[in-house]
Amino acid sequence: MFRSQLASTFFIFSFALSPVFGDFDQMQLVLTWPPTYCHGKSCARIPTNFSIHGLWPDNQHELLNDCKKLFTRILNHSKCNALDDRWPDLKYNKMGNIQTQNFWMYQYNKHGTCCTELYSQEAYFDLAMKLKDKFDVLQMLKNQGVIPGKTYTVNKIEEAIREVTQAYPNLNCIGDPPKTMELKEIGICFNREATEVVACHRRKTCNPLNKNEISFPQ
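This one's a predicted model, so the numbers in the text were calculated from it and none came from an experiment.

Visitor: Hey, could you go over the pattern of salt bridges for me, with residue numbers and the actual values?
Guide: Summed over the entire model, instances satisfying the criterion amount to twelve salt bridges. For the salt bridge of D84 with K94, the shortest nitrogen-to-oxygen distance reads 3.5 Å. Here D84 is found in helix α3 (residues 77–86), whereas its partner K94 is found in helix α4 (residues 94–100), with ten residues between them in sequence. Its relative accessible area of 4% is what places D84 among the buried residues. A salt bridge links K91 to D89, with the nearest nitrogen and oxygen atoms 3.6 Å apart. The exposure class assigned to D89 is buried, which follows from its relative accessible area of 4%. Linked by salt bridges that have partners in common, R45, D84, D85 and K94 make up one network.

Visitor: Tell me what's going on with the packing of helix α5 (residues 102–110) against helix α6 (residues 121–134), and back it up with residues and numbers.
Guide: With their axes 12 Å apart at the nearest point, α5 and α6 run at an angle of 110 degrees to one another. In terms of orientation, α5 and α6 fall into the roughly perpendicular class. Only Q121, Y124 and F125 of α6 make contact with α5, whose side of the interface consists of W104, Q107 and Y108. When the residues that make up the contact of α5 with α6 are grouped by side-chain class, the tally is four nonpolar, two polar and no charged.

Visitor: Describe the state of the cysteines, naming the residues involved and giving the relevant values.
Guide: All chains considered together, the criterion is met by four disulfides. In this model C38 forms its disulfide with C43; the gap between the sulfur atoms is 2.2 Å. In this structure, the disulfide formed by C38 and C43 twists by about -100 degrees around the S-S bond and is classed as left-handed. Look at C38 and you get buried, because its relative accessible area is 8%. One disulfide in the model links C173 with C206; its S-S distance is 2.0 Å. The disulfide joining C173 to C206 has a torsion of about 90 degrees about its S-S bond and is therefore right-handed. On the criterion of sequence distance, the pair formed by C173 in strand β4 (residues 170–174) and C206 in the loop between β5 (181–191) and β6 (213–216) is long-range, its members being 33 residues apart. On the accessibility criterion, C173 (13% relative accessible area) is buried. Classification of C206 as buried rests on a relative accessible area of 5%. Each bonded cysteine of the chain is numbered by sequence order, and under that numbering the disulfide pairs are 1-2, 3-4, 5-8, 6-7. With no disulfide of its own, C115 lies closest to C114 among cysteine sulfurs, the gap being 7.3 Å.

Scoring rules and cut-offs
- Residues numbered from 1 in each chain as written.
- Predicted model: local features only at pLDDT ≥ 70, side-chain atom pairs only at ≥ 80, totals over all residues.
- Heavy atoms only, no water.
- Salt bridge = Lys/Arg side-chain N within 4 Å of Asp/Glu carboxyl O.
- Helix = DSSP H or I, 4+ residues; strand = E, 2+ residues; numbered from the N terminus.
- Buried < 20%, exposed > 50% of the residue type's maximum accessible area, 1.4 Å probe, protein only.
- Axes fitted to C-alpha atoms, helices over the stretch in contact; angles between N-to-C directions.
- Parallel < 35°, antiparallel > 145°, perpendicular 65-115°, else oblique.
- Contact = heavy atoms within 4.5 Å.
- Nonpolar A, V, L, I, M, F, W, Y, C, P; charged D, E, K, R; others polar.
- Disulfide = S-S within 2.5 Å.

None of the figures reported here should be taken as evidence of function without further support.
Shown next, in the form of structure tokens:
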């Protein structure tokens, strides 16, 4: 009897301490470089600026995914146009993306539903667009002499972004490390309210073996 009560108490205590869905303290804006993403893929379009992959709530204990399935189809035409400009599904043209809304639905159900205690669906998508517009990563890189079509050290790209945001970004590359890897994504982390850039909980970078350089394809 005592053991049973002790086990029940321990279970309740453990549950109370465990992270719960939506318990987030950080938001990461993840931006894709389309020329890299579309290598080996069938893309209907290849924008020449970074596009949104997602806005991911997170906490220091674990990645937050698939909290609920709550996506509601976006009916406002002007909002759809604004989203497509910044958050296109590269598998579809503009009309196809707005009609299907598959990418927005997937990202919201997987990530956006993990921050509903603070952001409604509309607020979530509005915030993603606001952060994307506020931090023009391509212009940040160009201002520091990093332009598409050349190779750069990982440090050069990270420092070009840190110069503006005051925090190191996450980098994601594709390719064979002994050869020249390609820059695929950049992630910028913010505090819970997305009012300031912060260090990402799980630092991610590219680790090429060839002179520490990566390609920024054109």
